[in-house]
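Overview (structure and organization)
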Amino acid sequence: MDKGNLSIVSEFVLLGLCHSWNMQVLFLIIFFMLYLIIVSGNVFIMILIITDSHLHSPMYFLLANLSFVDMWLSSVTTPKMITDFLRENKTISFGGCMCQILYVHFVGGGEMVLLVVMAYDRYVAICKPLHYSAMMSLQKCTSLVVTSWSIGFVHAMSQMAVIVQLPFCGPREIDSFFCDIPLVIKLACIDSYNLGILMNADSGVLAMTCFILLLISYTYILLTIHQSTKTGASKALSTCTAHITVVVLFFGPCIFIYVWPLSITWVDKFLAVFYSVITPLLNPAIYTLRNKEIKDAMKRFRSYYMHYKGNI
C-alpha cells in the first residue's frame, strides 16, 4: 500500500439523524434532556452505592461500575450529536472519528463482559449461596471488573489496528450521527467488502459469546428459582428480571448491527440511538424501580439530606 495515499481525508461529514431543521431543533431538546437525565441518574446511583454502607456488596459494586460504563458510553457520542444539531456542517476530524470508534468499542465491549460478570454474580448468589462470600469477595469482584475493561480494550485495539491503516481519499460522508466501523470501512479507497465482514465478525463474536454465556447463566438461575421456596424465589426473580431486561435491551441492537447481514440505514440509526442513549437511560430506572435495597437507600439518603438541610 502506497504510504503517500494514506488518510488523504482529514475530516468526515456526519449526515446525522435527519435533514429537517425543525426536526433537528426538536431532537436537540429531546436528547439534551435525555443526556442530562443519563448523567445525573447514573452519577446518583454511583454516589448512593459509595456512600451507603448497606449497599457495599458485590452486586452493587458491579452495578456502580455499570452506571459508570453507561454514562461513559453515552458521553462518547451524545454530546457530539447534540452540538451537531446546531451546526449546518456536521464535520468530525479524522482523529476525532478514530477516537469515537476506539471508545465506543472499548466501553461497549467492556459493558458486554461486565453484564456477564453480573450474571455470574447472580448465579453464585442464587445457585451456590453457601459459597457466595468466598467466590465473590471484593478482590474477586475487582479482578472481574478489571478483566471486563481489559477485554474491551483488547477488542477496541484489535479494531483500531486495522482501521487507522486504511487509505481514505473520498467520499467522506458518514450516514449516521457518529463514526462506527461498518460505515467508516465503506469509505476506504479499497475493496472493503471482505474486510467489513471480518471486522463485523470481530464485534459479532464478542457480542454473541457474551450473549450465549448470559443465556446459560440465566437458564441455570431460573431453573434454580423454580425449585426454590416462594419467598426467596420472588426476590431472586425480581432481581434477575431487571438484569435480563438490561441484557435484552443492550445486546439486541448490537447483535442486529454487527451480526445481521442486511443493513437498513434508518434501522441502524435507530438501533445506534437505542444502545448509546436509550439503554444508558433505562438502566438506572430498571435497577432503581425494581430494587427494594436501592429504594431504601434513596429514602435514607433523602432523610439524611433533609436532616442536614434542617440543621443549617
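Before reading further, recall that the structure is shown in the block above.
Predicted model, so just to flag it, every value in this text is computed and none were measured. (Residues numbered from 1 in each chain as written. Predicted model: local features only at pLDDT ≥ 70, side-chain atom pairs only at ≥ 80, totals over all residues. Heavy atoms only, no water.)

Applying the stated criterion across every chain yields a total of two cavities of 30 Å³ or more. The calculated volume of the largest cavity comes to roughly 130 Å³. Around the largest cavity, the lining is made up of 13 residues, and of these V104, H105, G108, M112 and Y258 lie nearest the centre. Listing elements by their share of the lining of the largest cavity, those giving two or more residues are α3 (94–127), α7 (193–226) and α8 (230–259). With five residues, the top contributor of residues to the lining of the largest cavity is α3. If you go around the second largest cavity, the residues you meet are L14, G16, L17, M81, D84, F85, K90 and F177. Considering only residue class, the lining of the second largest cavity consists of five nonpolar, one polar and two charged. (1 Å grid on protein atoms, 1.4 Å probe; cavity = no way out; pocket = protein on both sides within 12 Å on 5 of 7 lines; lining within 4 Å. Points joined across faces, edges and corners; volume = space filled by probe spheres on them. Helix = DSSP H or I, 4+ residues; strand = E, 2+ residues; numbered from the N terminus. Nonpolar A, V, L, I, M, F, W, Y, C, P; charged D, E, K, R; others polar.)

With that out of the way, let us pick up the nonpolar core. By size, the foremost hydrophobic cluster in this structure holds 98 residues, and its most contacted members are F12, F31, I163, F168, V184 and F251. The element that contributes the greatest number of residues to this core is α3, accounting for 18 residues. For V184, the residues in contact, after removing those within four places along its chain, are C97, M98, I101, I163, F168, I174 and C179. (Core = buried A, V, L, I, M, F, W, Y, C linked by side-chain atoms within 4.5 Å. Buried < 20%, exposed > 50% of the residue type's maximum accessible area, 1.4 Å probe, protein only. Contact = heavy atoms within 4.5 Å.)

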